[in-house]
Amino acid sequence: MPSLRAVSRISGAAALVSWPFCVWLALTHPEWRALMLALALLFALRLAVMPAGALRLPGIILLLAGALLALAGYWLPQARLMLWYPVLVNLVMLLLFGGSLFAGPPLVERIARWQEGGELPLAARRYTRKVTRVWSLFFLFNGALALATVLSGSLRAWTLWNGVLSYLAMGTLFAVEWCVRQRVKRHAR
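Residues numbered from 1 in each chain as written. Predicted model: local features only at pLDDT ≥ 70, side-chain atom pairs only at ≥ 80, totals over all residues. Heavy atoms only, no water.

Caption draft 1: A look at the packing of aromatic side chains. Evaluation of the coordinates by the stated rule reveals 11 aromatic pairs. For the ring pair Phe43 and Tyr85, a centre distance of 5.7 Å and an interplane angle of 65° mean the geometry is edge-to-face. One end of the pair, Phe43, is in helix α2 (residues 34-48); the other, Tyr85, is in helix α4 (residues 85-100), with 42 residues separating them in the sequence. Side by side, Phe43 and Tyr85 carry an identical accessibility label, which is buried. Each ring, one from Phe141 and one from Trp161, has its centre 6.4 Å from the other, and the planes form 85°; the classification is edge-to-face. Taken together, the residues Phe141 in helix α6 (residues 122-152) and Trp161 in helix α7 (residues 155-188) connect sequence positions 20 residues apart. The structure contains a cluster of three or more aromatic residues connected by ring pairs, namely Phe97, Trp135, Phe138, Phe139 and Phe174. (Phe/Tyr/Trp six-rings, centres within 6.5 Å; stacked < 30°, edge-to-face > 60°. Helix = DSSP H or I, 4+ residues; strand = E, 2+ residues; numbered from the N terminus. Buried < 20%, exposed > 50% of the residue type's maximum accessible area, 1.4 Å probe, protein only.)

Caption draft 2: Region of interest: the pattern of salt bridges. A full pass over the atoms with the stated rule returns three salt bridges. Put simply, Glu109 and Arg113 hold a salt bridge, and the shortest N to O gap is 2.5 Å. With a gap of four residues between them, Glu109 and Arg113 both fall in helix α5 (residues 107-116), about one helical turn apart. We classify Glu109 as buried; its relative accessible area is 5%. Judged by relative accessible area, Arg113 falls into the partly exposed class, the value being 26%. (Salt bridge = Lys/Arg side-chain N within 4 Å of Asp/Glu carboxyl O.)

The analysis is restricted to geometry; functional conclusions fall outside its scope.
This is the structure in structure tokens:
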């Protein structure tokens, strides 16, 4: 039987991925606004069982904002505030990745150390710094496009970018970086 923490992790991911579609449904079909209550509950559940750790503050910010915006979407008529959540997510991720370039080891290096179980060679540290820069640029670009879709006033464009295209872009970046990393590791041996 899965633990409450595992269930909350899965439900939190589901809430993030389904956010654009739930917002679209809530704004275009008022009879579906109760979905926003379900999203608020998923965010609150994730927040309640969030483990302590280095990423706790950004996680708390995003979970609280998600829950509050979902509640606003349920209670306020035409609550277009919900459209701002992807902008906030990208801003927090940009600050997390970009800020780590100036304070302590870059975030990707910390993740690599955790995965590899210790120190990294100099070449690997240089590589992780580059990858952190790439992710910072991605979140800047993705956030700017999320903002543009909010300001455009087009719910269709907002849903298409934030619900489909941004995930495809992120998945592509993950895949390309993974392939590059494998090549870099082979050449380092």
